[in-house]
Amino acid sequence: MLKRLSGMLALLCAMSLMTGCAVNRASASLTPGTDLSKVKTAYVVKFDKDVHDVNNIIAKKLESKGYQVTTGPELPPPYKADVAVTYTDKWMWDITMYMIELTVNFRDPKTNFPIATGNSLHTSLTRKSPEEMADEVLSNILAAPKQ
């Protein structure tokens, strides 16, 4: 009886350690009245503390989707582009460093007001490369239904 109980306890402990390890979430939304079909040029604002060159990853992904893209430091509006692109990246350590979350905002170049946002979150077991996460977020933003 004691062997059986200790075996079940060990199994329950092992199962409880595995919960919550695999999270995979992606979302995107547009501000009502936003029409991204008019966007042809973008300025990707480099986050000051970015040591992973995520701005260049986002710029390359936008270029691969047909946009003319420049990237650089934050400037006072207005930006000389159809949209200003900002981002927040979060990194974690699990044997290696990996990007756990990426949030991208498309902003009105005149007012800096967010007009579209996308987010991708992948924990260790469902991790993707920074390029895959940027592609996922941008694809979701560009495919988001108009409101």
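Look up: the structure comes first, before these words.
In this text the structure is predicted, and so the values were computed from the model without any measurement.

**Some words on the pairing of strand S6 (residues 114-122)**
- With respect to burial, S6 is a largely interior element, 7 of its 9 residues being buried.
- Taken together, the 7 bridges between strand S1 (residues 24-30) and S6 define a ladder with antiparallel strand orientation. The residue bridging Asn24 from the neighbouring strand is His122, located in S6.
- In this sheet, S6 lies alongside strand S5 (residues 96-107) in antiparallel orientation, the contact comprising 7 bridges. In the strand pairing of S6, Arg107 is matched with Pro114.
- If you look at the hairpin formed by S5 and S6, you'll find 6 residues sitting between the two strands, and Asn112 has a positive phi there, around 70°.

**What to know about the pattern of salt bridges**
- Enumeration according to the criterion identifies 4 salt bridges in this entry.
- In this structure, the salt-bridge partner of Asp135 is Lys65, at a minimum N-O distance of 3.1 Å. A residue pair is termed long-range when its members are at least 10 positions apart, and Asp135 in helix H3 (residues 130-143) and Lys65 in the loop between helix H2 (54-64) and strand S3 (68-72) qualify at 70 residues.
- A salt bridge links Lys128 to Glu136, with the nearest nitrogen and oxygen atoms 3.3 Å apart.
- Relative accessible area serves as the criterion here: at 16%, Glu136 is assigned to the buried category.

What counts and what doesn't
- Residues numbered from 1 in each chain as written.
- Predicted model: local features only at pLDDT ≥ 70, side-chain atom pairs only at ≥ 80, totals over all residues.
- Heavy atoms only, no water.
- Buried < 20%, exposed > 50% of the residue type's maximum accessible area, 1.4 Å probe, protein only.
- Helix = DSSP H or I, 4+ residues; strand = E, 2+ residues; numbered from the N terminus.
- Pairing = 2+ DSSP bridges.
- Salt bridge = Lys/Arg side-chain N within 4 Å of Asp/Glu carboxyl O.

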